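Geometric and topological summary
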Amino acid sequence: MVASAEQPGEGVPAAGPIRKIALEEHFTTPDLASRNVARPTRSDVLFADIERRLVDFGDLRLDTMDRAGISLCVLSVTTPGVQAEKDTATAIGLARKANDALAEEVRRQPKRYAGFAHLPMQAPEVAADELERCVRQLGFKGALINGQTNGNYLDADRFLPFWERVADLDVPVYLHPGELADAPAMFAGRPELGGAVWAWTAETASHALRLVFGGTFTRFPTLKVILGHMGETLPSLLWRFDSRWQCALGETLPPDQLPSAIIRRHFAITTSGVCDPIALAAAIAAMGEDAVMFSVDYPYEDTSTAAAFIEAAALGPAVRAKACHGNAERILKL
Ligand code: MN
């Protein structure tokens, strides 16, 4: 971590719009929507607008970006995508088509759009090959994975060939919420806790901790994983992970093997869907000013609210510039 003289909470609001890069910004294609694997699942008042916005790569999306000072969006297929496809061959074909469609949109607007690969995680070797194609041939910046696939989490041995390729390509993987693999008793009878209110946070934070405790980062010490939603609660729990894990082991771990050290070394986070200055200050304090990146979660969140939030946050100019674009430029090699 590079320290600056500025401390979170000490700065003042930005004087005007600051250039932003956003990384958790979603789309779908008619193909994916027709398979019912990448479309909105709720019929709320925003439904029609969200459907329209998900398939748009033109003025609707670009004007929204312009008004918020977002110069570049790194686009990804909306959750769960082909990871929910039951037929593996179909998933492989749909992922490839989605990536080709995104590459075409990036070619049309190379200064405004970049891509995260959409991968058929049912077949880890094929996913690795598709990631390599996306990075080397299509110029994508990494991959975004929507949680578990058929109940398999990314710390499983079956994904070792995938992580090996990620390490070779030296690109980040964005671990995004997806549907739960089963229906835990702790959520039974309480639909309020489903989806983005809580279940996805519990799912994604647990998935990230499987990687931390499962040894993935010991095998591949250069991996970088991005978490949205202000780190899915992990930044606030670092002290407790260290304390309780050493207690469970009955021994003191070397500082670089503490869960907090592994999380700080291998994770970066985005502000997607959490426009809370208290959570932002805590996340920067916990993870460091080089690990926190602006994002919106378009079209599920309001872009102008997210932009106003990061501009009004009590950050100094250097830290705000890192959060708005500098960290993304470094981590995604933009
Ligand atoms: Mn999202």
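Just so we're clear, the structure is a prediction, and the values are computed from it rather than from any experiment.

This part takes up the overall build of the chain. Summing up its helical and strand segments, the chain has 13 helices and 8 strands in all. Over its C-alpha trace the chain gives a radius of gyration of 19 Å, about what one expects of a compact globule, namely 20 Å for 334 residues. A burial count over the chain gives 54% of its 334 residues as buried. Long-range contacts, defined here as pairs at least 24 residues apart, represent 79% of the contacts in the chain between residues at least 6 apart. Accessible surface, the chain as shown: approximately 14,600 Å² in total, 55% of it carbon and sulfur. Within the chain, one finds 33 positive and 42 negative side-chain charges whose respective centroids are separated by 2 Å.

Okay, the environment of Pro-277 next. Structurally, Pro-277 is set in helix H11 (residues 277-287). Classification of Pro-277 as partly exposed rests on a relative accessible area of 47%. Each C-alpha atom of the pair Pro-277 and Ala-312 lies 8.5 Å from the other, and the pair is 35 residues apart in sequence.

We now examine the pairing of strand S4 (residues 143-146). A two-sided burial pattern is seen for S4, the buried positions comprising Ala-143 and Ile-145 on one face and Leu-144 and Asn-146 on the other. Of the pairings in the sheet, the one linking S4 to strand S5 (residues 173-176) comprises 4 bridges and is parallel in character. Following the sheet pairing, Leu-144 is matched in S5 by Tyr-174. Crossover handedness for the path S4 to helix H6 (residues 160-169) to S5: right-handed.

With that settled, the discussion passes to the nonpolar core. Grouped together as the largest cluster of nonpolar side chains are 79 residues, with contacts concentrated most on Leu-131, Phe-162, Trp-163, Phe-267 and Leu-280. Sort the elements by how many residues they give to this core and helix H4 (residues 88-108) lands first, with 7 residues. Apart from the residues within four sequence positions on either side, Trp-163 is in contact with Leu-154, Val-173, Leu-211, Thr-216, Phe-220, Leu-223 and Val-225. In this structure, Ile-21, Leu-23, Ala-114 and Tyr-174 belong to the second largest nonpolar core, which totals 14 residues.

Let's shift gears to the packing of aromatic side chains. Geometrically, a pair of aromatic rings is defined through the distance of the ring centres and the angle of the planes. For the structure on display, the rule yields 6 aromatic pairs. Taking the centre distance of 6.0 Å and the plane angle of 65 degrees together, the rings of Phe-116 and Tyr-174 count as edge-to-face. Taken together, the residues span a long stretch of sequence, with Phe-116 in the loop between strand S3 (113-115) and helix H5 (124-136) and Tyr-174 in strand S5 at a distance of 58 residues. Note on accessibility: Phe-116 and Tyr-174 belong to one class, buried. Among the aromatic residues, ring-to-ring pairing joins Phe-27, Phe-57 and Tyr-113 into one connected group. Lying across the ring of Phe-159, Arg-158 places its NZ or CZ 5.5 Å from the centre.

Turning next to the sheet that holds S4. One open sheet holds the 5 strands; their spatial order is S4-S5-S6-S7-S8, and the pairing between them is parallel. In this open sheet, the two edge strands, each paired with only one partner strand, are S4 and strand S8 (292-293). Those strands touched by helix H10 (residues 259-266) are strand S6 (225-227) and strand S7 (267-270), and its axis lies near 65 degrees from that of S7.

As a further point, take the pairing of S5. Here S5 shows no split at all, with Val-173 and Leu-175 on one side and Tyr-174 and His-176 on the other all buried. Relative to S6, S5 runs parallel, the two sharing 3 bridges. Each bridged residue has a counterpart across the sheet, and for Tyr-174 the counterpart in S6 is Ile-226.

This model, assessed by the stated rule, comprises 21 salt bridges. Note that Asp-31 and Lys-97 form a salt bridge whose closest N and O atoms lie 2.7 Å from each other. Of this pair, Asp-31 sits in helix H1 (residues 30-34) while Lys-97 sits in helix H4, and the two are 66 residues apart along the sequence. By relative accessible area, Asp-31 is classed as partly exposed at 29%. Taking the shortest distance from any N to any O, the salt bridge between Glu-105 and Arg-108 comes out at 3.1 Å.

Rules of the game
- Residues numbered from 1 in each chain as written.
- Predicted model: local features only at pLDDT ≥ 70, side-chain atom pairs only at ≥ 80, totals over all residues.
- Heavy atoms only, no water.
- Helix = DSSP H or I, 4+ residues; strand = E, 2+ residues; numbered from the N terminus.
- Rg over C-alpha atoms; globule rule 2.2 N^0.38 Å.
- Buried < 20%, exposed > 50% of the residue type's maximum accessible area, 1.4 Å probe, protein only.
- Contact = heavy atoms within 4.5 Å.
- Areas by Shrake-Rupley, 256 points an atom, 1.4 Å probe, with all protein chains shown as cover.
- Lys, Arg positive; Asp, Glu negative; His and termini not counted.
- Charge placed at Lys NZ, Arg CZ, Asp CG, Glu CD.
- Pairing = 2+ DSSP bridges.
- Right-handed = clockwise from strand over helix to strand, strands pointing away.
- Core = buried A, V, L, I, M, F, W, Y, C linked by side-chain atoms within 4.5 Å.
- Phe/Tyr/Trp six-rings, centres within 6.5 Å; stacked < 30°, edge-to-face > 60°.
- Lys NZ or Arg CZ within 6 Å of the ring centre and 35° of its normal.
- Axes fitted to C-alpha atoms, helices over the stretch in contact; angles between N-to-C directions.
- Salt bridge = Lys/Arg side-chain N within 4 Å of Asp/Glu carboxyl O.

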